[in-house]
Amino acid sequence: MSSHCHTSAVLLVFMALVVVGAEQSEERSCDVIGDESSESQMERALLKKLEPLSHMRFNVTVEKGKTENYVYQFRVCREVNSTSHDYGGLVQTDRQNGKTTVIGRINETQVFNGSDWIMLIYKGGDSYGSHCSGEKRRAVIMISCKRGVTASSFSIISEEREKEQECFYLFEMDSSVACPAENSHLSVGSILLITFASLIAVYIIGGFLYQRLVVGAKGMEQFPHFAFWQDLGNLVADGCDFVCRSKPRNAPAAYRGVGDDQLGEESEERDDHLLPM
């Protein structure tokens, strides 16, 4: 009995560890500022549109003389370092002393868009020291449309920290996810032509298979309605001949070629005046 209880306890502990490990392995995603009920359909749609970028990591290094040497790490709606559980979506690392500063957190996200761009904002970063009245840092990432590119050209544009409030870091990148859906440029005529060609293809292929497999036709008779199309070709040729011919069929030619018979007749006519009277 005690052995059975011991085994059950081990299984329960093992299952608990598995559940905890599964929860920790699930990466956190963007949480829009405000209650979940207040999120708009547009915000949800934009976050879903950004999902293809969530598995990618972006880095950029900034060097300004000997005083500033930073590496910025960015992920779209994911934590840069999921083991630290700090919600850091954009993190700055000082290459001189290894100090890490969270610029913006994914649990304080704002997102909106225009015709060919998406603006992603991470708020709630680590507080400034002597700048911006000690407020929390904020990262603004402008994602511009570039078709055919999943993501590229991640870079920092500027850091606005000389104001009293509303300071921010501005980044930009290119991605096709920010592009609007392409509208079909097919005209009505093109659509009708494609439909007509498709119907013709279905008619020929389907008729060929029917004639060959069901009727058992061979050779040219495998073509659907072969006799009809053959007669139609003859009728079209006759009609074209009737319409395009400019004179009656039995009218003599306007130009008579010189043949042996004509030469013979002309030679007899020339000899007539040589006969004695």
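Residues numbered from 1 in each chain as written. Predicted model: local features only at pLDDT ≥ 70, side-chain atom pairs only at ≥ 80, totals over all residues. Heavy atoms only, no water.

The protein chain goes by Cation-dependent mannose-6-phosphate receptor in an unreviewed UniProt entry, where it is assigned to Scytalopus superciliaris.

Engineer: So what's going on with the side chain of Thr 109? Which residues, and what values?
Structural biologist: With respect to the element layout, Thr 109 can be found in strand S4 (residues 100-113). At 2.6 Å, the side chain of Thr 109 and the backbone oxygen of Ile 106 are in polar contact. Residues within four places of Thr 109 in sequence aside, it is in contact with Cys 30, Asp 31, Val 32, Ile 33, Leu 120, Ile 121 and Tyr 122. (Helix = DSSP H or I, 4+ residues; strand = E, 2+ residues; numbered from the N terminus. Polar contact = N/O pair within 3.5 Å; in protein donor to acceptor, adjacent residues only side chain to side chain. Contact = heavy atoms within 4.5 Å.)

Engineer: Tell me about the state of the cysteines, residues and numbers included.
Structural biologist: Taken as a whole and judged by the stated rule, the model has three disulfides. Two residues, Cys 30 and Cys 77, share a disulfide whose sulfurs are 2.1 Å apart. Residues Cys 30 and Cys 77 share a disulfide whose torsion about the S-S bond is about -100°; that sign makes it left-handed. You can see Cys 30 sitting in the loop between helix H1 (2-25) and helix H2 (41-49) and its partner Cys 77 sitting in the loop between strand S2 (68-75) and strand S3 (88-94), a full 47 residues away along the chain. Exposure remark for Cys 30: the relative accessible area of 13% places this residue in the buried category. When its relative accessible area of 5% is taken as the criterion, Cys 77 is described as buried. Across the disulfide, Cys 132 is cross-linked to Cys 167 (sulfur-sulfur distance 1.7 Å). The S-S bond linking Cys 132 to Cys 167 shows a torsion near -100°; that makes this disulfide left-handed. Here the residue Cys 132 occupies a position in the loop between strand S5 (117-124) and strand S6 (139-145), and Cys 167 occupies one in the loop between strand S7 (152-160) and strand S8 (168-175), the gap between them amounting to 35 residues. For the protein chain, the bonded cysteines pair up as 1-2, 3-5, 4-6 when numbered in the order they occur along the sequence. (Disulfide = S-S within 2.5 Å. Buried < 20%, exposed > 50% of the residue type's maximum accessible area, 1.4 Å probe, protein only.)

Engineer: Could you give an account of the pairing of S2, with specific residues and numbers?
Structural biologist: Most of S2 sits inside the fold, with seven of its eight residues counted as buried. Two elements, strand S1 (residues 57-64) and S2, share eight bridges in a ladder whose sense is antiparallel. If you follow Val 60 over to S2, its bridge partner there is Tyr 72. Turn length for the S1-S2 hairpin, with the two strands adjacent in sequence and antiparallel, is three residues, and the turn residue Gly 65 shows positive phi of about 60°. (Pairing = 2+ DSSP bridges.)

Engineer: Summarise the pairing of S8; cite the residues concerned and give the values.
Structural biologist: The two faces of S8 differ: Tyr 169, Phe 171, Met 173 and Ser 175 on one face are buried, but Phe 168, Leu 170, Glu 172 and Asp 174 on the other face are not. Across seven bridges, the pairing between S6 and S8 is parallel. Looking at the pairing, Cys 145 lines up with Ser 175 of S8.

Engineer: A description of the side chain of Gln 222 should follow, citing residues and the corresponding values.
Structural biologist: If you trace the backbone, Gln 222 turns up in the loop between helix H3 (188-215) and helix H4 (226-244). Since its relative accessible area comes to 9%, Gln 222 is described here as buried. A distance of 2.6 Å separates a polar atom in the side chain of Gln 222 from a polar atom in the side chain of Arg 212. Of the polar contacts made by the side chain of Gln 222, one reaches the backbone oxygen of Gly 219; its length is 3.1 Å. Once residues lying within four places of it in the same chain are set aside, the contact partners of Gln 222 are Gly 207, Phe 208, Gln 211, Arg 212 and Ala 217.

Engineer: Report on the pattern of salt bridges, specifying residues and quantitative values.
Structural biologist: Tallying each qualifying case throughout the model produces seven salt bridges. The partner of Arg 105 in a salt bridge is Asp 126, and the shortest N-O contact between them spans 3.2 Å. Highlighted residues: Arg 105 in strand S4 and Asp 126 in the loop between S5 and S6, separated in sequence by 21 residues. For Arg 105, a relative accessible area of 17% corresponds to the buried category. (Salt bridge = Lys/Arg side-chain N within 4 Å of Asp/Glu carboxyl O.)

Engineer: Tell me about the environment of Asn 107, and name the residues and values.
Structural biologist: Tracing the chain through its elements places Asn 107 in strand S4. Judged by relative accessible area, which is 25%, Asn 107 ranks as partly exposed. A C-alpha to C-alpha distance of 8.9 Å links Asn 107 and Cys 77, two positions 30 residues apart in sequence.

Engineer: I'd like a description of unusual backbone geometry, backed by residues and values.
Structural biologist: Backbone geometry places Cys 132, a non-glycine residue, at a positive phi of 50°. Relative accessible area serves as the criterion here: at 3%, Cys 132 is assigned to the buried category. Positive phi is not limited to glycine here, since His 225 has a value of about 55°.

Engineer: Now, about the packing of aromatic side chains: what can you tell me, with residues and values included?
Structural biologist: Under the criterion given, the structure shown has 11 aromatic pairs. Note on Phe 58 and Phe 154: the rings are 5.9 Å apart at their centroids and 45° apart in plane angle, and the pair reads as tilted. With a gap of 96 residues between them, Phe 58 in strand S1 and Phe 154 in strand S7 connect regions that are remote in the sequence. In this structure Phe 58 comes out as buried when scored by relative accessible area, which is 8%. Their ring planes at 5° and their centres at 6.4 Å tell us that Tyr 128 and Tyr 169 sit as a pair that is stacked. On the criterion of sequence distance, the pair formed by Tyr 128 in the loop between S5 and S6 and Tyr 169 in strand S8 is long-range, its members being 41 residues apart. (Phe/Tyr/Trp six-rings, centres within 6.5 Å; stacked < 30°, edge-to-face > 60°.)

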